Amino acid sequence: MKRLRLSTIGFGTVGQGFTELLSTRCDLLRQKCDLDIILVSVANAHSGFIYCEDGLDIPMLLQLATTRRPLTAHPGVTRWESPLEGLRATGADILVEATPTNLHDAEPGISHIRAALSQGMHVVTANKGPGALAANELFALARQHGVQLRMEATVMAGTPVISAIREGMAGASVRALRGILNGTTNYILTAMAAGQSYATALADAQARGYAETDPTADVEGHDAVAKTLILAALIFGRSLKPSAVVRQGITTITQEQVQQAIEQDKRIKLVASLRLLAGDKSKEEALEARVEPVALPLRDPLARVDGVMNALTIAADTLSEVTIIGPGAGRVATGQGLLADVIACARAQA
Ligand SMILES: NC(=O)c1ccc[n+]([C@@H]2O[C@H](COP(=O)([O-])OP(=O)(O)OC[C@H]3O[C@@H](n4cnc5c(N)ncnc54)[C@H](OP(=O)(O)O)[C@@H]3O)[C@@H](O)[C@H]2O)c1
């Protein structure tokens, strides 16, 4: 049985969901994957970085986090104020990075990822900032150190799209992607299609915990842009700047526009798209990137994806169109994306 030492930086919704899966699936991981995984370190903003060579007690950490007590109350741990210093001093086989997404400079996640890759650790992350802003640099660093960097959970959480395309569709030529990649805006647009105003639908999404108090990143399309940039890098190998993505959010969509679309057997959805544009054969084809509300005919599979669900339609030469539908957020669903990437790293190392 292979023993894996894990470090987790970021112990909020996703970090806790992931470690809970590690703990509740420990027998399954042993029996089906031949893996004995121990969590040797964990970090958050308030407690810093704590380490225990023999492995941390995950139920105890979850209990401390849910009762808002410092993680340092776990017995037998060594603590570093700075996660970077702790990580450098202790190491592990895999870093699971789940700190908040920052689309300005990708910190603090990008520094954690650089440090881990540079010391020969695999990295799996749910954090969109590093992949959106610096995928090429980070994948080059991973290659240089002979380790993997995986980010399935950044796009559609645990619903497999990146691995489905890169591994499941290996050898196919992907020409275009179109997706509903933000659950908050899809929830609001679905509620508007049922007759609610934008303001009521947003307030409802906030009351249910689907939208932040400041919903700008979702409703103005920045979150979907980040996921579009990640897909551009991972699926098309193109490093695009955020400004290269044509972006329009949903804040100006009116109830009248939504009802007019319904009368025409259409549904308005916030669609993220990437499309190779055929052009001069001597040059690299341009990649068009857009995030915008589109009135989709009901025959389009994306038109019927409602509520907080996400979906991605992949156009590939050997498969025509494939659509994957599933959850795009949530504690356990995102933890699942991280867990699948951890198992993939372990298998690649075998
Ligand atoms: N929530 C989802 O459904 C979902 C889905 C897909 C992707 N994601 C992405 O996953 C990441 C985590 O999301 P989340 O919902 O778990 O966020 P969250 O609940 O806000 O948790 C963030 C965690 O990061 C910690 N943190 C913040 N700054 C830090 C620093 N400088 N050093 C160490 N730890 C730091 C926080 O510490 P404290 O606890 O001390 O504040 C907290 O534990 C984000 O990048 C998000 O975009 C989330």
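Now for a look at the structure at hand. (Residues numbered from 1 in each chain as written. Predicted model: local features only at pLDDT ≥ 70, side-chain atom pairs only at ≥ 80, totals over all residues. Heavy atoms only, no water.)

Concerning the overall build of the protein chain
Along the protein chain, the regular secondary structure elements total 13 helices and 13 strands. Against the globule reference of 20 Å for 350 residues, the protein chain gives a C-alpha radius of gyration of 21 Å, in line with a compact fold. Dimensions of the protein chain, computed from C-alpha atoms along their principal axes, come out at roughly 65 × 50 × 40 Å. Summing over all exposed atoms, the protein chain offers an accessible surface of approximately 15,500 Å²; the carbon and sulfur share of this is 50%. The centroid of the 33 positive side-chain charges in the protein chain is displaced by 3 Å from the centroid of its 35 negative side-chain charges. (Helix = DSSP H or I, 4+ residues; strand = E, 2+ residues; numbered from the N terminus. Rg over C-alpha atoms; globule rule 2.2 N^0.38 Å. Areas by Shrake-Rupley, 256 points an atom, 1.4 Å probe, with all protein chains shown as cover. Lys, Arg positive; Asp, Glu negative; His and termini not counted. Charge placed at Lys NZ, Arg CZ, Asp CG, Glu CD.)

Brief notes about helix α13 (residues 331-349)
Here α13 is 19 residues long and its end C-alpha atoms lie 27 Å apart, about the 27 Å a rise of 1.5 Å per residue gives. Of all the residues in α13, the buried ones are Thr334, Gly335, Gly337, Leu338, Leu339, Asp341, Val342, Ile343, Cys345 and Ala346. (Expected span 1.5 Å × (residues − 1). Buried < 20%, exposed > 50% of the residue type's maximum accessible area, 1.4 Å probe, protein only.)

Considering the nonpolar core
Residues Leu149, Leu177, Ile188, Leu231, Leu274 and Leu312 are the most contacted members of the largest nonpolar core, which totals 76 residues. Examining the composition of this core, we find that 11 residues originate from one element, helix α11 (residues 222-236), more than from any other. Setting aside residues no more than four positions away along its own chain, Leu177 makes contact with Ile165, Leu231, Ile235, Phe236, Ala272, Ser273, Leu274, Leu312, Thr313 and Ile314. Within the second largest apolar cluster, 34 residues are counted, among which are Val14, Leu21, Leu56 and Leu61. (Core = buried A, V, L, I, M, F, W, Y, C linked by side-chain atoms within 4.5 Å. Contact = heavy atoms within 4.5 Å.)

Here we look at the side chain of Thr8
Summarising the element assignment, Thr8 is placed in strand β1 (residues 2-9). Every residue in contact with Thr8, bar those within four places of it in the chain, is listed here: Gly15, Phe18, Thr19, Leu39, Ser41, Val42, Ala43 and Val96.

With respect to the site of the ligand
Near the ligand there are 23 residues, and of these Val14, His46, Thr99, Thr101 and Gly330 occur at the shortest range. Contacts to the ligand include His46, whose side-chain N or O atom sits 2.5 Å from an oxygen atom. Burial of the ligand by the protein amounts to 74% of the accessible area it has alone, namely 900 Å². For the shell around the ligand, a count of residues per class yields 11 nonpolar, 11 polar and one charged. (Near = heavy atom within 4 Å. Polar contact = N/O pair within 3.5 Å; in protein donor to acceptor, adjacent residues only side chain to side chain. Nonpolar A, V, L, I, M, F, W, Y, C, P; charged D, E, K, R; others polar.)

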